[in-house]
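Chain and residue survey
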Amino acid sequence: MASGPGLPDSLVLEIFLHLPHKAVLSAGFTCRQWFAVSRDEFLWKELFYNYYCIPRSVPRHPAAGSWYREFRRLYDCIPCVEVQILKEHHDQVLHLAFSHRGHRFSSCSKDCTVKLWDTERSDGTISLVHSSSMRQFNWGYTQFSQFNADDTLLLVSGVYLGPHHSSSGEIAVISLENYTLLSRVRNKPYDVFGCWLNETHLISGNLHWIGNMTSCSVLWLNKAFQVQFFKDIESENVNVVKRLFKIQNINASTIRTVMVAHCRRHDSPDLLLDYEAQSQAQAQAQRTQQHQPLFFDLGNTDSEEEEDEDEEDEENVERGEKKVSAHLPSFNPSGIQHVIHGRQSIAVRDRELETKVARLMGSRRTKAPDPNLVSPSAPEEGEDKTYLLFTTGSLTYSPHQIGIKRIMPDQMTTCGPVLGEERSTDEFFDSLDHVIDIHGHIIGMGLSPDHRYLYVNSRAWPTGCVISDPMSPPPIAEEIDLHVIDLKSLREERRSLRAHRAFTPNDECFFIFLDVSRDFVASGAEDKHGYIWDRHYNICLARLKHDDVVNSVAFSPADQELLLSASDDSTIKVWRSPRMVRLAEAPQRPPRARKLLSSLLGHRSANLNGKP
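Reading the values: rules and limits
- Residues numbered from 1 in each chain as written.
- Predicted model: local features only at pLDDT ≥ 70, side-chain atom pairs only at ≥ 80, totals over all residues.
- Heavy atoms only, no water.
- Helix = DSSP H or I, 4+ residues; strand = E, 2+ residues; numbered from the N terminus.
- Buried < 20%, exposed > 50% of the residue type's maximum accessible area, 1.4 Å probe, protein only.
- Contact = heavy atoms within 4.5 Å.
- Areas by Shrake-Rupley, 256 points an atom, 1.4 Å probe, with all protein chains shown as cover.
- Phe/Tyr/Trp six-rings, centres within 6.5 Å; stacked < 30°, edge-to-face > 60°.
- Core = buried A, V, L, I, M, F, W, Y, C linked by side-chain atoms within 4.5 Å.
- Polar contact = N/O pair within 3.5 Å; in protein donor to acceptor, adjacent residues only side chain to side chain.
- Pairing = 2+ DSSP bridges.
- Arc of directions from axis to C-beta.
- UniProt positions renumbered as here; feature names shortened; annotations may be inferred.
- Axes fitted to C-alpha atoms, helices over the stretch in contact; angles between N-to-C directions.
- Parallel < 35°, antiparallel > 145°, perpendicular 65-115°, else oblique.
- Nonpolar A, V, L, I, M, F, W, Y, C, P; charged D, E, K, R; others polar.
- Patch = residues over 30% accessible without salt bridge, like charges linked within 9 Å, V, L, I, M, F, W, Y side chains within 5 Å.
- Salt bridge = Lys/Arg side-chain N within 4 Å of Asp/Glu carboxyl O.

In the annotation of an unreviewed UniProt entry, the entry for the protein chain reads F-box/WD repeat-containing protein 5, and the organism field reads Labeo rohita.

Here is the structure:
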């Protein structure tokens, strides 16, 4: 292109600073000078912070090569483009799980089936491989699944419908070679879900009530290939189950949502963040109230005017109710109501007494914790630790704490006594090695790929609330907080992510599954959307539209630019990044002219040397 007297680079840069990023990229193709300016690092640093509304005190990701590439990563590599809808389920889809290789994934549904899907078709689409119905085993529905470490077995957890309308859980193990059922294990309560400890052993739970408010949770290690149930165990030498832990529960709480974290030394964690800078940035954002999360909204959401009208309608309804109630005569409690209130107060006193007795018994009959079990390893030790993580509680029946128990190497096999380590009568219960209180109702947990960080979905309790009755937990917020816990330091290291919402009351609250990739974290929500955040910058990047509650999301471990979402609308949606969609739609490029020229020159030189 012919070049005449042009603008100086400084002036071109000043103009580009006032343009949106798309206009900058387009202008860069005008000439070589403008192209060079359009890749300027200072320019893209300014575009990055302004476009994503990130406080300037938050540093660039340590692994980023340049500001331009970091902008392109967040803009072009988010799996936010809907490419396929899977409609083979006939009821609410509750959970999704990828294999460790990423070549398959499983889905569980209220239609009581677990389905397996193939992600490696040549045309890039996803297809159904196998479907198993668990209705024949008297299951109500399937709710959770997980591949073992070598992707040869699938753990499927569901709700078992017992006699007298009682429901507990059951875990099934299915071979992925021929889809045969290898074993079934009872699991109580059903929202323990269960999980793999290693390739051949899985963890389940059982619950024994000691009183109206006090219970005992037993966590079992099971062989995946067993054919017997607990009641069929006869051999003392070849065990198919082994008791791991026996933990006392108070105030009607139980252990739920077990998962295993293999915590290594983490010399190279997948998330590096200046936490101090992040906290300072949050304080700055609260002061200015100018930094709002950016969304790529992929669905048709209601307008702000419609939302304002809905709020006004609700206020008018409330005012109308108040006017009606104002005309009603005042009502004094009758004698029978005094009796009811008196019986309720007696019940509360009985619960308090039972809790005090349970605490006293537990303090005397619980094995003393070993503080060294969860202490950070010295750098020279190089010791890997295996933690059992679960939700629990101490103030009310709703799960509000993360319990942590370390699993020692000798506990990872069913060899040895069937009931585990022999205990004296003074050591009836196992103690928790560490407890983290979330101060809200926990509705979801997920581990980062390197098992360094635990992400927790919770709905907060009111600030300063006092729980007087364990059977009446505090009201919970509609906003879902996404906490991040560092399993190396065993403390919460990040400010909570907040963009998604849930609306069910505290006595009907259900699980919202989340998933974590190397760079992103995603979660479902009850507001008919899935959400994606960047783990480093703590910003929400995309909303994924469904027609009903989004229950589960899952990143492909082989490619974080592939994401799945499952919903109560009975569908599974497949999302890919704009970059991947563009590459899939682009025609194949012909061989470059330079390569053709070099091959021709090589052929000519071979002929000159007398070679055929």
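There is more to say after this.
What about the overall build of the protein chain?
Along its length, the protein chain carries 10 helices and 30 strands. Within the protein chain, the fraction of its 612 residues that count as buried is 48%. Looking at the protein chain alone, contacts between residues at least 24 apart form 60% of all its contacts between residues at least 6 apart. When the accessible surface of the protein chain is split by element, carbon and sulfur atoms take 52% of a total near 31500 Å².

Some points on the packing of aromatic side chains
Under the defined criterion, the tally for this structure stands at 22 aromatic pairs. The interplanar angle of 55° and the centroid separation of 5.3 Å between the aromatic rings of Tyr 49 and Trp 67 together place this pair among those described as tilted. Separated by 18 residues along the polypeptide, Tyr 49 in helix α4 (residues 41-52) and Trp 67 in helix α5 (residues 67-76) bring together distant segments of the chain. Accessibility expressed as a relative area gives 5% for Tyr 49, which makes it buried. For Trp 67, a relative accessible area of 9% translates into the label buried. Ring plane angle 55° and centroid distance 5.3 Å describe the contact between Tyr 52 and Phe 71, whose orientation is recorded as tilted. Taken together, the residues span a long stretch of sequence, with Tyr 52 in helix α4 and Phe 71 in helix α5 at a distance of 19 residues.

Overview of unusual backbone geometry
Look at the link from Lys 188 to Pro 189: it is a cis peptide, with omega at -5°. Summarising the element assignment, Pro 189 is placed in the loop between β9 (181-187) and β10 (195-196). We note that Cys 53 has phi near 55°; this positive angle belongs to a residue other than glycine. Residue placement: Cys 53 occurs in the loop between α4 and α5. What makes Cys 53 partly exposed here is its relative accessible area of 28%. Positive phi is not limited to glycine here, since Asn 538 has a value of about 60°.

Examining the nonpolar core
Across soluble globular proteins, you tend to see nonpolar side chains buried next to one another. With 33 residues, the main nonpolar core has Trp 44, Phe 48, Tyr 52, Ile 54, Leu 74, Ile 532 and Leu 563 as its most contacted residues. Those elements that provide at least two residues to this core are α1 (9-16), α2 (21-27), α4, α5, β25 (520-523), β27 (539-545) and β28 (550-556). Looking at this core, the element that brings in the most residues is α4, giving 6 residues. Counting 17 residues, the second-largest nonpolar core is a separate cluster that includes Ile 436, Ile 438, Val 456 and Ile 485.

Quick notes on the side chain of Ser 523
With respect to the element layout, Ser 523 can be found in strand β25. Overall, the relative accessible area of 0% leaves Ser 523 in the buried class. Among the polar contacts listed, one links the side chain of Ser 523 to the side chain of Asn 457, at a separation of 2.9 Å.

Here we look at the pairing of strand β11 (residues 201-209)
Examined bridge by bridge, β10 and β11 share 2 bridges and lie antiparallel to one another. Paired with Cys 195 across the strands is Ile 203, a residue of β11. Hairpin connection between β11 and strand β12 (residues 215-223): a loop of 5 residues separates the two successive antiparallel strands.

Quick look at α1
Every buried residue belonging to α1 is among Val 12, Leu 13 and Phe 16, and all of these are buried. All buried residues of α1 lie within an arc of 100° about the axis, which places them on one face of the element. In this structure, the buried side of α1 is in contact with α2, α3 (32-38) and α4.

Points about the UniProt feature "repeat: WD" (unreviewed entry) in the protein chain
Under the present numbering, the feature "repeat: WD" (unreviewed entry) in UniProt falls on residues 86-127 and 543-575. When the span residues 543-575 is considered, its composition is 0% helix and 70% strand, and the gap between its end C-alpha atoms is 11 Å.

Describing the packing of α4 against α5
Two numbers describe how α4 lies on α5: the axes approach to 8 Å, and their chain directions differ by 30°. One element, α4, and the other, α5, form an angle in the roughly parallel class. Between α4 and α5, the residues in contact are Glu 41, Trp 44, Lys 45, Leu 47, Phe 48, Tyr 49, Tyr 51 and Tyr 52 and Trp 67, Tyr 68, Glu 70, Phe 71, Leu 74 and Tyr 75, respectively. Residues belonging to the contact of α4 with α5 are distributed by class as follows: 11 nonpolar, no polar and 3 charged.

Considering the sheet that holds strand β30 (residues 572-576)
The strand order across the open sheet formed by 4 strands is β1-β30-β29-β28, and the pairing between neighbours is antiparallel. A single partner strand is all that each edge strand has here, and the edge strands are β1 (81-86) and β28. Each strand of the sheet is rotated relative to its neighbour by a mean of 25°, with strand direction disregarded. Direction of pairing for strand β29 (residues 559-567) relative to β30: antiparallel, over a ladder of 5 bridges. Paired with Ala 566 across the strands is Ile 572, a residue of β30.

Notes on the environment of Phe 48
Along the chain, Phe 48 falls in helix α4. Given a relative accessible area of 0%, Phe 48 falls into the buried group. Expressed as a C-alpha distance, the spacing of Phe 48 and Tyr 68, which sit 20 residues apart in the sequence, is 8.2 Å. Once residues lying within four places of it in the same chain are set aside, the contact partners of Phe 48 are Ile 54, Trp 67, Glu 70, Phe 71, Leu 74 and Tyr 537.

Some words on a nonpolar patch on the surface
A contiguous nonpolar patch, built from Leu 7, Leu 11 and Ile 15 and spanning about 230 Å² of accessible area, is present on the exposed surface. Residue placement: Ile 15 occurs in helix α1. Exposure remark for Ile 15: the relative accessible area of 40% places this residue in the partly exposed category.

Describing the sheet that holds strand β18 (residues 434-437)
Strand order in the open sheet made by the 4 strands is β14-β16-β17-β18, with antiparallel pairing throughout. Of all the strands in the sheet, just β14 (256-263) and β18 have a single pairing partner and so form its edges. For this sheet, the mean inter-axis angle between neighbouring strands, taken without regard to orientation, is 25°. Here 4 bridges tie strand β17 (residues 401-407) to β18, and the two strands are oriented antiparallel to one another. The residue bridging Gln 401 from the neighbouring strand is Asp 437, located in β18.

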